[in-house]
Amino acid sequence: MAVAGGRSPKRLQRGTLSQGLIVGTALRILDEDGPDALTFQRLGKELSSSATAVYRYFASRDHIMVAVADELDRISLEGYEPHESWAESLRDLATRAWDTALDHPAAAALCMGRVTRGVHELRAVDAVLEAFHRGGWRGRAAVLHYQAFSNFLLSVASNNAWRLVNQRFGTEVNWVQEYQPANPDAYPYAEASKEYLRSIDMTDVFRRQTDLVLAALEAEAATLPRD
């Protein structure tokens, strides 16, 4: 049975279909063909099964996306170990999430940042809270900082993922900050910076954002009482 992309997978043996296999296939479909390609019919074809069989594991596309979101957490955390410096732990966790969104932009655009209540999301939450605990924050303050840091990280990563998805799969290409005003002299600072505006790399922007956030956190941490 031929499927999209010219592949002709062998029919699965009875009993080999699983949630993990479905999630992995869903992530591959998103990587290859974008958000609109993920349907139960497409999953059935890719798995040499049927949409009905997939429904036995996931009641809706949304349920699949929750599982994909937890899989992104698993990918991000693979091999992670806390650093001696709590700030470097946060930097590492941030970089891992950003890189995962770069590698899987369609999945990240659709579901990065949503609550899954899955085991890998819990691992990520615990890792960030551990870093803040080691930095000196406790109780409600630690949770506030965890939420602020996580919201910053996931919002910028998913926003960039949408940009990449639109560049690859969409029709919207107006993502370059390029200006050609009739009167350039009216905008001297933008005019002087125009080459940088149009060519800046978003990973460099993310790294700078992370530097700024961590510098502010380290300054605050220096004022906290120590146990």
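Rules used in this analysis
- Residues numbered from 1 in each chain as written.
- Predicted model: local features only at pLDDT ≥ 70, side-chain atom pairs only at ≥ 80, totals over all residues.
- Heavy atoms only, no water.
- Core = buried A, V, L, I, M, F, W, Y, C linked by side-chain atoms within 4.5 Å.
- Buried < 20%, exposed > 50% of the residue type's maximum accessible area, 1.4 Å probe, protein only.
- Helix = DSSP H or I, 4+ residues; strand = E, 2+ residues; numbered from the N terminus.
- Contact = heavy atoms within 4.5 Å.
- Expected span 1.5 Å × (residues − 1).
- Phe/Tyr/Trp six-rings, centres within 6.5 Å; stacked < 30°, edge-to-face > 60°.

Draft legend 1. Looking closely at the nonpolar core. In this structure, Ile64, Val68, Leu90 and Phe149 are the most contacted members of the largest nonpolar core, which totals 57 residues. Take this core: its biggest share by element is nine residues, from helix α8 (residues 139-169). With residues up to four places along the chain from it excluded, the contact list for Leu90 reads Val128, Ala131, Phe132, Phe149, Leu214 and Leu217.

Draft legend 2. Highlighting the environment of Asp36. Checked against the element boundaries, Asp36 lands in the loop between α1 (19-33) and α2 (40-46). As for Asp36 and Leu90, which are separated by 54 residues in sequence, their C-alpha atoms are 33 Å apart.

Draft legend 3. Representation of α1 within the structure. Relative to the 21 Å expected for 15 residues at 1.5 Å per residue, α1 spans 21 Å between its end C-alpha atoms, a close match to the ideal helical length. When we look at burial in α1, the residues that qualify are Ile22, Val23, Thr25, Ala26, Leu27, Ile29 and Leu30. Structurally, α1 contributes buried residues whose contacts are with α2, α3 (51-55), α4 (61-77), α6 (105-111) and α8. One or two steps after α1, the chain reaches Gly34, where phi turns positive at roughly 90°.

Draft legend 4. Layout of the environment of Pro225. Positionally, Pro225 belongs in the segment after α11 (202-221). Judged by its relative accessible area of 68%, Pro225 is exposed. Between the C-alpha atoms of Pro225 and Gly136, which are 89 residues apart in sequence, the distance is 7.2 Å.

Draft legend 5. Layout of the packing of aromatic side chains. According to the stated counting rule, one finds seven aromatic pairs in the structure shown. The interplanar angle of 5° and the centroid separation of 3.8 Å between the aromatic rings of Phe40 and Tyr55 together place this pair among those described as stacked. Within this pair, whereas Phe40 is found in helix α2, its partner Tyr55 is found in helix α3, the two being separated by 15 residues in sequence. Both rings, one in Phe152 and one in Phe206, keep their centres 6.4 Å apart while their planes meet at 10°; by these two values the pair is stacked. Highlighted residues: Phe152 in helix α8 and Phe206 in helix α11, separated in sequence by 54 residues. Under the relative-accessibility criterion, Phe152 is labelled buried at 16%. Taking the relative accessible area as the measure of exposure, Phe206 reaches 2% and is therefore buried. Ring pairing ties together the aromatic residues Trp86, Trp98, Phe132, Trp137, Phe149, Phe152 and Phe206, which thus form one cluster.

The values reported here are purely geometric and, on their own, carry no functional implication.
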